[in-house]
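Structure at a glance
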Amino acid sequence: MRTLEELPVPEIARPRAPRPATARTGAAVLLALAAIPVIVRLAQPQRAAWVQAAFIIFGSLLIQALPFVAIGAFTSALIEVLVPIGTLERLARLPRPLQLPAAALAGLAMPICECGSVPVARRLALKGLLPSAAITFMLAAPIVNPVVIASTFVAYRGRQALWLMVGGRFLLGALVAIVAGWTVGAISREELLREGPTEEHVHAVELGRPEPRWRRFFVHLGGDFLFMGRYLVLGAALAALVQTFLPAPWISRVAGTPVLGIAVMMVLAALLSLCSESDAFVAASFAPFGPAPQLAFLVFGPMVDLKLTTLYAGTFRSGLVRTIIVASFATTLVAAMWLQVLSG
């Protein structure tokens, strides 16, 4: 039985391997972080306190989120190396009406990150799962998995909206995924996927001894951690800058506008392209926006962002990609608006 890492995926649909972080890159980042406060203190000493506040926010976000990025990378590497793809292919044996909700909940047992869910969804469609159910699994798995639930709990612990955020993210994520899958409808596999080599045309070529599993595990672990970590650093930096340097009245005005606040947080989630294991800490830092916009951030981001859009475009037909994005955006926006109305 083959594991997830052995799936035949069209070359265009494979996420580009992250470039290794060299000592020169690390030194450059450290130098830049050290130079910023020095330059500000020399040029505008009155703003040194602002920079200090930004670094405190940035550091606190990293400290809270990095352990969950590591846990997510560890879990993902275990699945890639040890879990047979047949575990998920059993979904195709269920009655058709049950495939969508079962696919939405499959992430509880298979905690796969958003990038890993795309080739897995393609494989499931090739093996006979309804295309709509494959899309449902792809969108729900990065949200409903246990690592993401735990990170959301930790990010919001001690807050009044704790269970609203944890339970709401799980339920709304599954709901949006099911609606998006239903919107895709009863299309065929050929209408779902771009043309690419199928399993019958892919031949494995082994040169020498196969790579040990422990080595493959650590390669996946390091690659996933660096890939997700870079987006966490970007998101934490942007959150720190927004909260420190943008005028508080402007933020309050945007956050106080019901539809605009939700839409802004959704667009921000798509631009930041955070991994779902760490995005709750960034969302929780935008306290002025309230639970509904933050929940929209946590649901829409793992479904549609910049890196995922390129993967979707390489895997699915263009019309279907538009359907996924529009259905996910509209359903999340409407659900968050209702939540905002009901919660007052």
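Before any of the text, the structure's been laid out above.
Residues numbered from 1 in each chain as written. Predicted model: local features only at pLDDT ≥ 70, side-chain atom pairs only at ≥ 80, totals over all residues. Heavy atoms only, no water.

**Considering the overall build of the protein**
Basically, it comes down to this: Helix and strand definitions follow DSSP, with helices as H or I runs of at least four residues and strands as E runs of at least two, each counted in order from the N terminus. Here the term buried applies to any residue with accessible area under 20% of the maximum for its type, exposed to any over 50%, and partly exposed to those in between, with areas from a 1.4 Å probe on protein chains only. Throughout, a contact is declared for two residues whenever any of their heavy atoms are within 4.5 Å. Every accessible area reported is derived by Shrake-Rupley at a probe size of 1.4 Å, with residue values counting cover from the shown protein chains alone.
From N to C terminus, the protein includes 16 helices and zero strands. Looking at the protein residue by residue over its 344 residues, the buried ones come to 48%. For the protein, contacts bridging at least 24 residues in sequence account for 84% of all contacts bridging at least 6. Carbon and sulfur atoms make up 68% of the accessible area of the protein, which totals about 17,000 Å².

**Considering the environment of P293**
One can find P293 in helix α14 (residues 291–300). Residues P293 and A283, spaced 10 residues apart in sequence, show a C-alpha to C-alpha distance of 8.9 Å.

**Focus on a nonpolar patch on the surface**
Rules: By definition, no residue in a patch forms a salt bridge, and every one has over 30% relative accessible area; like charges are joined within 9 Å, nonpolar side chains (Val, Leu, Ile, Met, Phe, Trp, Tyr) within 5 Å. Should a side-chain nitrogen of Lys or Arg be within 4 Å of a carboxyl oxygen of Asp or Glu, the pair is scored as a salt bridge.
A surface patch of nonpolar side chains, about 470 Å² in accessible area, is lined by V334, W338, V341 and L342. For W338, a relative accessible area of 54% corresponds to the exposed category.

**Structural notes on helix α7 (residues 146–156)**
Put simply, the rule reads: Think of it as the arc spanned by the lines of direction from the helix axis to the C-beta atoms. Definition of a polar contact: a pair of N or O atoms within 3.5 Å, with one able to donate and the other able to accept a hydrogen when the atoms are protein atoms, and with sequence-neighbouring residues admitted only if both atoms are side-chain atoms.
All buried positions along α7 are accounted for by V147, V148, S151, T152, A155 and Y156. When α7 is viewed along its axis, its buried side chains cluster within an angular range of 150° and face the same direction. The backbone nitrogen of V147 has a side-chain oxygen 3.1 Å away, supplied by the residue at the start of α7, namely N145. Of the residues trailing α7, G158 is marked for its positive phi of about 85°.

**Some remarks on α14**
Extensive coverage of α14 is indicated by the burial of nine of its 10 residues. Restricting attention to buried positions, one finds in α14 the residues A292, P293, Q294, L295, A296, F297, L298, V299 and F300. Tucked into the core, α14 has its buried residues touching α6 (131–144), α7, α8 (162–184), α12 (258–272), α13 (279–284) and α16 (318–343).

**A few points about the nonpolar core**
Considering soluble globular proteins, one finds that nonpolar side chains tend to be buried as a cluster. Cut-off, in case you're wondering: We call a set of buried residues a nonpolar core when its members are Ala, Val, Leu, Ile, Met, Phe, Trp, Tyr or Cys and they connect through side-chain atoms within 4.5 Å of each other.
Counting residues in each nonpolar core, the largest one holds 88 residues, and the members touching the most others are I135, M138, L139, Y156, F297, Y312 and F316. Residues within four places of F316 in sequence aside, it is in contact with V118, I135, M138, L192, L193, R194, V321 and I324.

**Observations regarding unusual backbone geometry**
Positioned with a positive phi, S273 is a non-glycine residue whose angle comes to about 55°. Considering the arrangement of structural elements, one finds S273 in the loop between α12 and α13.

**A word on the pattern of salt bridges**
Per the counting criterion, the structure on display carries two salt bridges. With a shortest N-O distance of 2.9 Å, K307 and D305 are connected by a salt bridge. Comparing K307 with D305, the two get one shared label, buried.

**Considering the packing of α12 against α16**
So the rule is basically this: Here the axes come from fitting lines to C-alpha atoms, over the contacting stretch only for helices, and the angles between their N-to-C directions go from 0 to 180 degrees. Throughout, the term roughly parallel applies to angles under 35 degrees, roughly antiparallel to angles over 145, roughly perpendicular to angles from 65 to 115, and oblique to all others. Definitions for this section: a left-handed crossing has its near helix turned counterclockwise from the far helix by less than a right angle. A right-handed crossing has that turn clockwise. Put simply, Ala, Val, Leu, Ile, Met, Phe, Trp, Tyr, Cys and Pro go in the nonpolar bin, Asp, Glu, Lys and Arg in the charged bin, and everything else, Gly too, in the polar bin.
Two elements in contact, α12 and α16, have axes whose closest approach is 10 Å; the angle formed by their N-to-C orientations is 135°. Between α12 and α16, the crossing angle belongs to the class labelled oblique. Like other packed secondary-structure pairs, α12 and α16 cross with a definite hand, here right-handed. Contact with α12, carried on its side by P258, V259, I262, A263 and M266, involves F329, T332, L333, A336, M337 and Q340 of α16 and no other residues of that element. Along the lines of polarity and charge, the residues of the contact of α12 with α16 split into nine nonpolar, two polar and no charged.

**Overview of the environment of F137**
Along the chain, F137 turns up in helix α6. Residues F137 and G181 lie 44 residues apart in sequence; the distance between their C-alpha atoms is 8.6 Å.

**Quick notes on the environment of A133**
Position of A133 among the secondary structure elements: in helix α6. Given the relative accessible area of 0%, A133 is considered buried. In the structure, A133 is positioned 33 residues away from L100 in sequence and 4.6 Å away in space, judged by C-alpha atoms. Beyond its immediate sequence surroundings of up to four residues, A133 is in contact with Q99, L100 and A103.

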